[in-house]
Amino acid sequence: MAEDVQAVLAFWLEAAEGTDRHDSAESVRRLIERDPEALLVAEVGGRMVGTLIAGWDGWRCHLYRLAVDPAHRRKGISRMLLDAAERRFVEYGGMRADAMVLHDNTLAHHAWTAAGYVRQGEWGRWVKPLGSRRS
C-alpha cells in the first residue's frame, strides 16, 4: 500500500492543477484505511490516469481531487470517475453531491460544468485549520 500512496501523491503533483499541496502520505493512508472505496482510480494499461475522492459522511456526498493526466484528458476519464462516484452515493442513499473546486481553476470549471454540476452562489465554504497545521 505504501507504494500506492506515493503513486497517488506523485500523480496529484502532476495532474491536479491548483491544489493546495498539503497532501501527505499519512493523510492518504488514513483515507484508504477509513474508507477504502472512497479513492477512485482510473488506469490505462496499468498506469494511473485519473483520481477522484468520493467521500460519504452518512449525510452528504463530497467530491475532491478530480485529476486526470494531461495526456489523457478529453477522453471521458473524469466522466467515468464521476459516474462511479455518483453510483456509490446513490447506493448509500445520497441525494446531492458537492464538489470542492478552486475559483481560479478555470480548467476544472469546464469539466464540472460538462458533468452537470453548477456553482452555487448563495453560500460559501468556511474553514478553520486544525492542530498545528495553519494554512
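Predicted model, so just to flag it, every value in this text is computed and none were measured. Once a new chain begins, its residue numbering starts again from 1 and follows that chain's sequence as written. Two thresholds apply to this predicted model, a pLDDT of at least 70 for residue-level local features and 80 or more for giving and counting side-chain atom pairs, whereas whole-chain, interface and lining totals are computed over all residues. Where side-chain values are given, they derive from all heavy atoms of the structure, hydrogens and water being excluded.

Asks: Quick one: what's the story with the overall build of the chain, residue by residue and with numbers?
Replies: Only DSSP runs of H or I reaching four residues or more are called helices, and only runs of E reaching two or more are called strands; each is numbered from the N terminus. A tally of regular secondary structure across the chain gives 4 helices and 4 strands. For the chain, the sequential pattern of α-helices and β-strands runs α-α-β-β-β-α-β-α. Relative to its length of 135 residues, the chain is compact, with a C-alpha radius of gyration of 15 Å against a globular reference of 14 Å. Its C-alpha atoms give the chain principal-axis dimensions of roughly 40 × 40 × 30 Å. Between buried and exposed lies partly exposed: a residue is buried under 20% and exposed over 50% of the maximum accessible area for its type, with that area taken using a 1.4 Å probe on protein chains only. Considering the chain as a whole, with its 135 residues, one finds that 33% of them fall into the buried category. The contacts in the chain between residues at least 6 apart in sequence include a share of 57% that link residues at least 24 apart. Counting only carbon and sulfur atoms, one obtains 55% of the accessible surface of the chain, whose full area is about 9300 Å². Charged residues are defined narrowly, with Lys and Arg counted positive, Asp and Glu counted negative, and His plus the chain ends left uncounted. By convention, charge coordinates are those of NZ in Lys, CZ in Arg, CG in Asp, or CD in Glu. Each charge sign in the chain was given a centre, from 19 positive and 19 negative side chains, and these centres are 5 Å apart. In this treatment the radius of gyration is a C-alpha quantity, and the globule benchmark scales as 2.2 Å times the residue count to the 0.38 power. Two residues qualify as a contact provided that any one of their heavy atoms is within 4.5 Å of a heavy atom in the partner residue. For accessible areas, the Shrake-Rupley method is used with a probe of radius 1.4 Å. Any residue's cover is judged against the shown protein chains and nothing else.

Asks: For the sheet that holds strand S1 (residues 39–44), give the residues involved together with the corresponding values.
Replies: Here the rule is simple: two strands pair whenever DSSP picks up at least two bridges between them. The mixed open sheet is built from 4 strands, whose spatial order is S1-S2-S3-S4. Looking at the sheet topology across the chains shown, the edges are occupied by S1 and strand S4 (97–99). Direction aside, the axes of adjacent strands within the sheet are offset by 25° on average. Pairing geometry for S1 and strand S2 (residues 47–56), over 6 bridges, is antiparallel. Along S2, the bridge assignment pairs Val41 with Thr51. For helices, the axis comes from a line fit to the C-alpha atoms of the stretch in contact; other axes are also lines fit to C-alpha atoms, and the angle between any two N-to-C directions lies between 0 and 180 degrees.

Asks: Account for the nonpolar core, naming residues and giving values.
Replies: In these notes, a set of buried Ala, Val, Leu, Ile, Met, Phe, Trp, Tyr and Cys residues joined through side-chain atoms within 4.5 Å is what counts as a nonpolar core. By size, the foremost hydrophobic cluster in this structure holds 18 residues, and its most contacted members are Leu52, Leu63, Leu82, Ala85 and Phe89. At the level of elements, S1, S2, strand S3 (61–68), helix H3 (77–92) and helix H4 (106–114) are the ones that each hand at least two residues to this core. The biggest single contributor to this core is H3, with 5 residues. With sequence-adjacent residues up to four places away left out, Leu63 is seen in contact with Leu52, Ile53, Ala54, Leu82, Ala85, Phe89, Ala97, Asp98, Ala99, Met100, Trp112 and Tyr117. Listed in part, the 14 residues of the second largest apolar core include Trp12, Ala25, Met48 and Ile53.

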